[in-house]
Amino acid sequence: RRRFLNLLLAQSDPLYVHHLSRFLAALKERSYLLKKGSQQNLEIYEAELSSAASYITLKRGRLIDQLKEPFEQILSQISPAQEKYQLRYVPSITFNPDPKIMQAEYQKNLERLRPKDLQFKTTQVGPHHDDFIFYLDQKIARNFASEGQKRTLASALRLAEYSHLSQRTGLNALLNIDDLGAHLDKNREKLLQNLLKNFKQVFITTPSVPESFQSEKEMAVLKIENGRLIS
């Protein structure tokens, strides 16, 4: 999930890549010192970590907020109406929209946890511990959702990503879907197929063409057998 956030932000915010690189480099150096049991220069790397981490966390939190609306709109079209979903960002520290407050919070936590970090030889606070959580009817979806519901959530998140990038760039991205409908019941699969008709260019791989697509005039079907294109 962190990789998803990193890749999405890297496509729309070059400065995010700069801060992520700074953070990973400082984290590597601090981890090296922790494994040696050395406190020398820890303050230098903690200052660098705090500065870069505050930017990363702030951007991730804003991104999740921006994804919530398209995410919920898409879910309303591809899931039963009685199912209520939420998307929530969970950083390793208390989130604050003020980058200076966030940086100070990171600095304070790194100093506070330094003895434990030296004991366990790892950095216990930072964006490398961030997460975001799906909720289904106010319960953590990871623990309570069916495979079909989890697949629906993943599909909605990817389509929300498409919407976000399209708005940021003013361009329509290509949408690639592997194994359409896998782990979805017939109702969810049909709802997803109907939604895809609103997108510009969509590439789908599937063992068989769904019935609802067979009458589509703007759809080209390419059949592959044994690694060869046969039609």
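So, how was this worked out
- Residues numbered from 1 in each chain as written.
- Predicted model: local features only at pLDDT ≥ 70, side-chain atom pairs only at ≥ 80, totals over all residues.
- Heavy atoms only, no water.
- Axes fitted to C-alpha atoms, helices over the stretch in contact; angles between N-to-C directions.
- Helix = DSSP H or I, 4+ residues; strand = E, 2+ residues; numbered from the N terminus.
- Parallel < 35°, antiparallel > 145°, perpendicular 65-115°, else oblique.
- Contact = heavy atoms within 4.5 Å.
- Phe/Tyr/Trp six-rings, centres within 6.5 Å; stacked < 30°, edge-to-face > 60°.
- Buried < 20%, exposed > 50% of the residue type's maximum accessible area, 1.4 Å probe, protein only.
- Lys NZ or Arg CZ within 6 Å of the ring centre and 35° of its normal.
- Pairing = 2+ DSSP bridges.
- Patch = residues over 30% accessible without salt bridge, like charges linked within 9 Å, V, L, I, M, F, W, Y side chains within 5 Å.
- Areas by Shrake-Rupley, 256 points an atom, 1.4 Å probe, with all protein chains shown as cover.
- Salt bridge = Lys/Arg side-chain N within 4 Å of Asp/Glu carboxyl O.
- Arc of directions from axis to C-beta.

J.: I'd like a rundown of the packing of helix H7 (residues 147–169) against helix H8 (residues 186–196), residues and numbers included.
T.: A packed helix pair is summarised by two numbers, namely the angle formed by the two axes and the spacing between the axes. Where H7 contacts H8, the two axes come as close as 11 Å, and the packing angle between them is 10°. Judged by the angle between their axes, H7 and H8 are roughly parallel. Contact residues: H7 offers Gly-148, Gln-149, Thr-152, Ser-155 and Leu-159, while H8 offers Arg-188, Leu-192, Leu-195 and Leu-196.

J.: Tell me what's going on with the packing of aromatic side chains, and back it up with residues and numbers.
T.: The tally for this structure, following the rule as stated, stands at five aromatic pairs. Relative to Phe-95, the ring of Tyr-89 lies with its centre 6.2 Å away and its plane at 80°, an arrangement referred to as edge-to-face. Tyr-89 gets classed as buried once you look at its relative accessible area, which sits at 13%. Seen in terms of ring centroids, Tyr-162 and Phe-199 are 4.8 Å apart; in terms of plane orientation they differ by 80°. Their pairing is edge-to-face. Of this pair, Tyr-162 sits in helix H7 while Phe-199 sits in the loop between H8 and strand E5 (202–205), placing them 37 residues apart in sequence. The class for Phe-199 is buried, based on a relative accessible area of 16%. Within the aromatic cluster, the residues linked to one another by ring pairs are Phe-4, Phe-71, Phe-132 and Phe-134. Here the guanidinium or amino end of Arg-88 rests over the ring plane of Tyr-135, the centre of that ring lying 4.3 Å away. Taking NZ or CZ as reference, Lys-139 lies 5.1 Å from the ring centre of Phe-144, over its face.

J.: Please give an account of the sheet that holds strand E1 (residues 85–90) that cites residues and values.
T.: The three strands lie next to each other as E1-E2-E3, forming an open sheet whose pairing is antiparallel. Each edge of the open sheet carries a strand with a single partner, namely E1 and strand E3 (139–140). Relative to E3, strand E2 (residues 131–136) is paired through two bridges, and the arrangement is antiparallel. Bridging across to E3, Leu-136 finds its partner in Lys-139. Against the sheet, H7 engages E1 and E2, with an angle of about 125° to E2.

J.: For a nonpolar patch on the surface, give the residues involved together with the corresponding values.
T.: On the surface, Leu-222, Ile-224 and Leu-229 cluster together into a nonpolar patch covering about 360 Å² of accessible area. Tracing the chain through its elements places Leu-222 in the loop between E5 and strand E6 (224–225). Leu-222 sits in the exposed class, given a relative accessible area of 62%.

J.: An account of unusual backbone geometry is requested, with residue identities and associated values reported.
T.: The residue Asn-41 is not glycine, and still its phi comes out positive at about 70°. Tracing the sequence through the fold places Asn-41 in the loop between helix H2 (14–36) and helix H3 (42–78). Here the phi dihedral of Asp-137 falls at roughly 50°; this positive angle occurs in a residue that is not glycine. Looking at the element boundaries, Asp-137 is found in the loop between E2 and E3.

J.: Outline H8, supporting the account with residue identities and numerical values.
T.: In an α-helix, one turn spans 3.6 residues, which is why side chains three or four residues apart end up on the same side. Looking only at H8, the buried set comprises Arg-188, Glu-189, Leu-192, Gln-193, Leu-195 and Leu-196. All buried residues of H8 lie within an arc of 160° about the axis, which places them on one face of the element. In H8, those exposed residues whose orientation departs by more than 90 degrees from the buried face are Lys-186 and Lys-190. Where H8 is buried, its residues contact H3, E1, H7, strand E4 (175–178) and E5.

J.: So what's going on with the pattern of salt bridges? Residues and values would help.
T.: Applying the stated criterion across every chain, the model contains twelve salt bridges. A salt bridge links Lys-68 to Asp-65, with the shortest nitrogen-to-oxygen separation between them at 3.5 Å. You can see Lys-68 and its partner Asp-65 sitting in helix H3, three residues apart, about one turn around the helix. Accessibility expressed as a relative area gives 28% for Lys-68, which makes it partly exposed. One salt bridge in this structure joins Glu-147 and Lys-150, with 3.9 Å as the shortest N-O distance. On the criterion of helical spacing, the pair formed by Glu-147 and Lys-150 is a turn pair, its members being three residues apart in helix H7. The class for Lys-150 is partly exposed, based on a relative accessible area of 31%. Look at the salt bridges and you will find they share partners, linking Arg-30, Glu-43, Glu-46, Arg-114 and Asp-117 into a network.

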